[in-house]
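Here is what each chain is made of, one letter per residue.
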Amino acid sequence: MVNERYSFLALAKHALTGHKNWQPAIRHPEPKDKYDVIVVGGGGHGLATAYYLAKLHGINKVALLERGWIGGGNTGRNTTIVRSNYLLEENANFYEHSLKLWEGLSSDLNFNVMFSQRSVINTCHTPAELESTMRRYNAMRLNGIDAEFLTADELKRRVPSINLGQDGSLRWPILAALSQPRGGVARHDAVAWGFARGADALGVDIIQNCEVTGFKRAVDGRITGVETNRGPISASKVGVAVAGHSGQVMAMADVRLPIESHLLQAFVSEPVKPFLDVVVSTGALHFYISQTDKGEVLLGGGLDGYNSYGQRGTIPNIQEVTSAATEMFPNISRLKWMRQWAGVMDMTMDGSPIIGKTPVPGLFFDGGWCYGGFKAIPGSGWCFAHTIATGEPHSLNASFTLERFGRSAVIDEKGAGPFPKAH
Amino acid sequence: MLLIPCPHCGPRPETEFVYGGDARVKRPDPSNSSDEQWAAYIYERENPKGQHQELWLHSAGCHLWLIIERDTVTHAIGSVRAAREDQQ
Ligand SMILES: Cc1cc2nc3c(=O)[nH]c(=O)nc-3n(C[C@H](O)[C@H](O)[C@H](O)COP(=O)(O)OP(=O)(O)OC[C@H]3O[C@@H](n4cnc5c(N)ncnc54)[C@H](O)[C@@H]3O)c2cc1C
Ligand SMILES: [Zn+2]
């Protein structure tokens, strides 16, 4: 099945018939008995995996099983920051590959994911932070990734509404900032829908309201399929990408994970005129801010701090984030907050993801995205599809194994140790 | 906001506490344990959707380490006891 191409011409043609004849973007097929590959989880990661399996590896007997609706998990709840400003080489190479895929994604998918490369700026507030950020800047440049170091004055020119706090109004005034100009934001729903539409057109069956409730195994332990609320489905390869529910799903295959599930919140204000055309984030005050295309101010901060699956978020974190944000952006202090929500984050013990094989033959795992998995969607789908199709990881995800923890070969970007809530 | 009933101080807001994670992790005997046991001790955690045994330090209060049973979906707190009661 080939989708109608979205274009100016198509828009003009459908305008003539009052936009009544657009085709649905995806089919809603019944599950078949058997597929070559089953992907569990219809977030960005699962959808991108299904798309690249069909597009790059010619595997199109693929079922993508989603418990609810596609993009209803963290993919539809995040603050959409896309960047590759990492220190460690494994992370830098992987996220830079992902960023390059983002740069061509709208045309590749023929779906406008509204990727806006407006700069992601990290502010530095202490001499120690300045030094570690300078080190990260140098690492980025050595890895061939774009980066700029801004003095406080340069930052003020770039972001006029920011309060540098040098008059004493910030306990820790801004000393300098690191900018990645190619970083930015994208439209979260469009990413899920674009990958879904692309995968569907290549023959992937996207099956919603289909919860995986168990795994089918052969006597030798190999995966032979999954059990679902809509009956059993067979496949010799199963890839799991279920974010906050990684622990539950992998436990059904007796795989224990170095992952805890924690809450991350975000909030948006009433819409106002454009005043902020970059993403600003601060590790010291612990919040990040951007302005959406609709004009809302979008804020996020740190984790709520203890294991939770309660997709709500608690008050202390709202207080912390809003007080920090109004100190650094005093002009937002009288805005009304319209919505607040939370997602269940798959936090690993070293803050880096897992994309690869598991101890169970035929079972592959993609997860542990912590709070940075939106930007990883194209890169992760690309690497996970490669791993499932060939049975071996690509060099870009070769370090992100599950067994690295057994060897203490951790990839700890922040040097925070085995404490999921600290990453 | 959690209201944590500290056995020493009474009910106190969560902001007075520091979270310590899975309370069931036990340090293996260093002289008699395998690499796998050490790796599991450092990196593997219970991550249940439901009842969770977890450590909390009353850092802005009596400084007791507590073991709290809490539901990770509803956040309802069940039993609370001082962690030292569990020692040997
Ligand atoms: C508030 C917030 C802000 C964030 N900000 C950013 C950011 O600025 N930049 C960034 O890069 N990342 C950010 N993230 C992280 C990012 O959103 C996630 O890492 C990413 O979306 C994970 O995608 P996913 O496909 O793995 O998971 P999800 O989108 O959560 O998809 C997993 C899917 O699996 C399904 N599922 C679960 N169990 C089953 C089952 N048994 N059977 C079938 N299906 C199942 C779920 O219903 C869900 O739809 C943020 C997250 C949150 C919550
Ligand atoms: Zn106390």
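Rules and cut-offs
- Residues numbered from 1 in each chain as written.
- Chains lettered and ligands numbered in written order.
- Predicted model: local features only at pLDDT ≥ 70, side-chain atom pairs only at ≥ 80, totals over all residues.
- Heavy atoms only, no water.
- Near = heavy atom within 4 Å.
- Polar contact = N/O pair within 3.5 Å; in protein donor to acceptor, adjacent residues only side chain to side chain.
- Areas by Shrake-Rupley, 256 points an atom, 1.4 Å probe, with all protein chains shown as cover.
- Helix = DSSP H or I, 4+ residues; strand = E, 2+ residues; numbered from the N terminus.
- Nonpolar A, V, L, I, M, F, W, Y, C, P; charged D, E, K, R; others polar.
- Buried < 20%, exposed > 50% of the residue type's maximum accessible area, 1.4 Å probe, protein only.
- Contact = heavy atoms within 4.5 Å.
- Core = buried A, V, L, I, M, F, W, Y, C linked by side-chain atoms within 4.5 Å.
- Pairing = 2+ DSSP bridges.
- Axes fitted to C-alpha atoms, helices over the stretch in contact; angles between N-to-C directions.
- Phe/Tyr/Trp six-rings, centres within 6.5 Å; stacked < 30°, edge-to-face > 60°.
- Lys NZ or Arg CZ within 6 Å of the ring centre and 35° of its normal.
- Donors = N, O, S within 2.8 Å, 3.2 Å for Na, K, Ca; no water.
- Tetrahedral: all angles 85-135°; square planar, octahedral: opposite > 155°, others 65-115°.
- Buried area = accessible area lost by both parts, 1.4 Å probe.
- pLDDT = per-residue confidence, 0-100.

Another point: the site of ligand 1. Residue and element names in this part refer to chain A. Close to ligand 1 lie 37 residues; E66, N74, T75, T79 and K375 are nearest. Separating a nitrogen atom of ligand 1 from a backbone N or O atom of V212 is a distance of 3.0 Å. About the coverage of ligand 1: the protein hides 96% of its 1,000 Å² of free accessible area. Residue assignment for the shell around ligand 1 shows that the elements contributing at least two residues are helix 2 (44-57), strand 13 (259-269) and strand 17 (337-348). Top element by residues in the shell around ligand 1 is strand 13. It accounts for three residues. Taken together, the residues that form the shell around ligand 1 break down as 16 nonpolar, 16 polar and five charged.

On to the environment of F384(A). All names here are of chain A. Relative to the helices and strands, F384 is located in helix 10 (residues 377-390). Residue F384 is classed as buried on the basis of its relative accessible area, which comes to 0%. Sequence-wise, F384 and N397 are 13 residues apart; in three dimensions their C-alpha atoms are separated by 8.3 Å. Setting aside residues no more than four positions away along its own chain, F384 makes contact with T49, G239, V240, I355, G356, F364, F365 and D366.

We now examine the nonpolar core. All names here are of chain A. Residues Y52, W102 and F195 are the most contacted members of the largest nonpolar core, which totals 49 residues. It is helix 2 that contributes the most residues to this core, seven residues altogether. With residues up to four places along the chain from it excluded, the contact list for Y52 reads H57, L101, L105, F195, P378, G381, W382 and A385. By size, the runner-up hydrophobic cluster in this structure holds 30 residues, among which are V240, L363, L402 and F405.

Turning our eyes to something else, we now look at the sheet that holds strand 4 (residues 120-124) of chain A. Residues and elements named next belong to chain A. The eight strands lie next to each other as 5-6-4-14-15-16-13-17, forming an open sheet whose pairing is mixed. Of all strands in the sheet, those bounded by a partner on one side alone are strand 5 (148-151) and strand 17. Strand-to-strand, the axes of this sheet are offset by a mean angle of 25°, without reference to chain direction. Two strands pair when backbone bridges link them, and strand 15 (residues 287-291) and strand 16 (residues 297-307) are joined in this way by five bridges, in the antiparallel orientation. Paired with F287 across the two strands is G301, which belongs to strand 16.

Okay, the packing of aromatic side chains next. Ring pairs (aromatic) are described by centroid distance and by the angle formed between their planes. Residues and elements named next belong to chain A. This structure, assessed with the given rule, holds 19 aromatic pairs over all chains. Where Y6 meets F111, the ring centres are 6.0 Å apart and the plane angle is 55°; that geometry is what we call tilted. You can see Y6 sitting in the segment before helix 1 (8-16) and its partner F111 sitting in the loop between helix 4 (105-109) and strand 4, a full 105 residues away along the chain. We classify Y6 as partly exposed; its relative accessible area is 29%. Ring centres of W102 and F374 lie 5.3 Å apart, and the angle between their planes is 45°; this geometry places the pair in the tilted category. One end of the pair, W102, is in helix 3 (residues 89-103); the other, F374, is in the loop between strand 19 (363-367) and helix 10, with 272 residues separating them in the sequence. F374 matches W102 in its accessibility class, with the two residues each being buried. The ring of Y6 has R197 sitting right over it, with the charged end atom 3.7 Å from the ring centre. One residue, K375, lies across the ring of Y95, its end atom 4.9 Å from the ring centre.

For the rest of this paragraph, the subject is the coordination of the zinc ion (ligand 2). Residue and element names in this part refer to chain B. Each protein donor to the zinc ion (ligand 2) is listed here as C6 (SG), C9 (SG), H58 (ND1) and C62 (SG); together their distances run 2.0 to 2.3 Å. Taken together, the four donor atoms coordinating the zinc ion (ligand 2) and their angles of 104 to 119° define a geometry best described as tetrahedral. Here the donor residues of the zinc ion (ligand 2) share one chain and are spaced in sequence as C-x2-C-x48-H-x3-C. Residue C9 is located in the loop between strand 1 (3-6) and strand 2 (10-13), and its partner H58 is located in the loop between strand 4 (51-57) and strand 5 (65-71); the two are separated by 49 residues in the primary sequence. Accessibility expressed as a relative area gives 25% for C9, which makes it partly exposed.

A word on the pairing of strand 9 (residues 212-217) of chain A. Residues and elements named next belong to chain A. Sheet topology places strand 9 next to strand 10 (residues 223-228); five bridges connect them, and they run antiparallel. Note that in strand 10 the partner of F215 across the bridge is V226. Connecting strand 9 to the next strand, strand 10, in antiparallel fashion are five residues, including G221 with a positive phi near 100°.

The next thing to look at is the interface of chain A and chain B. Chain A puts 28 residues into the contact, and the matching count from chain B is 22 residues. Taken together, both faces of the contact between chain A and chain B bury some 2,200 Å²; the carbon and sulfur share is 50%. Linking chain A with chain B are 16 residue pairs in polar contact (both at pLDDT 80 or more). Among the secondary structure elements, those contributing two or more residues to the side of chain A that touches chain B are strand 13, strand 16 and helix 9 (315-328) of chain A. The greatest single-element share of the side of chain A that touches chain B, amounting to five residues, is contributed by strand 13 of chain A.

The strands that make up a sheet pair up through hydrogen bonds in the backbone, lying either parallel or antiparallel. Residue and element names in this part refer to chain B. Across the sheet, which stays open at both edges, the four strands sit in the order 3-4-5-6 with antiparallel pairing between neighbours. Both outer strands of the open sheet, strand 3 (18-22) and strand 6 (77-82), are each paired with one neighbouring strand and no more. Neighbour to neighbour, the strand axes of the sheet diverge by 25° on average, direction disregarded. Where strand 4 meets strand 5, seven bridges bridge the pair, whose relative direction is antiparallel. When the sheet's bridge partners are listed, Q51 is paired in strand 5 with D71.

Residues and elements named next belong to chain B. Chain-level statistics for chain B give a pLDDT mean of 94 and a share of 98% at 70 or above. The least confident element of chain B is helix 1 (residues 35-43), whose mean pLDDT is 93; the most confident is strand 5, at 98. Reported confidence for the predicted complex is 0.95 by ipTM and 0.97 by pTM.

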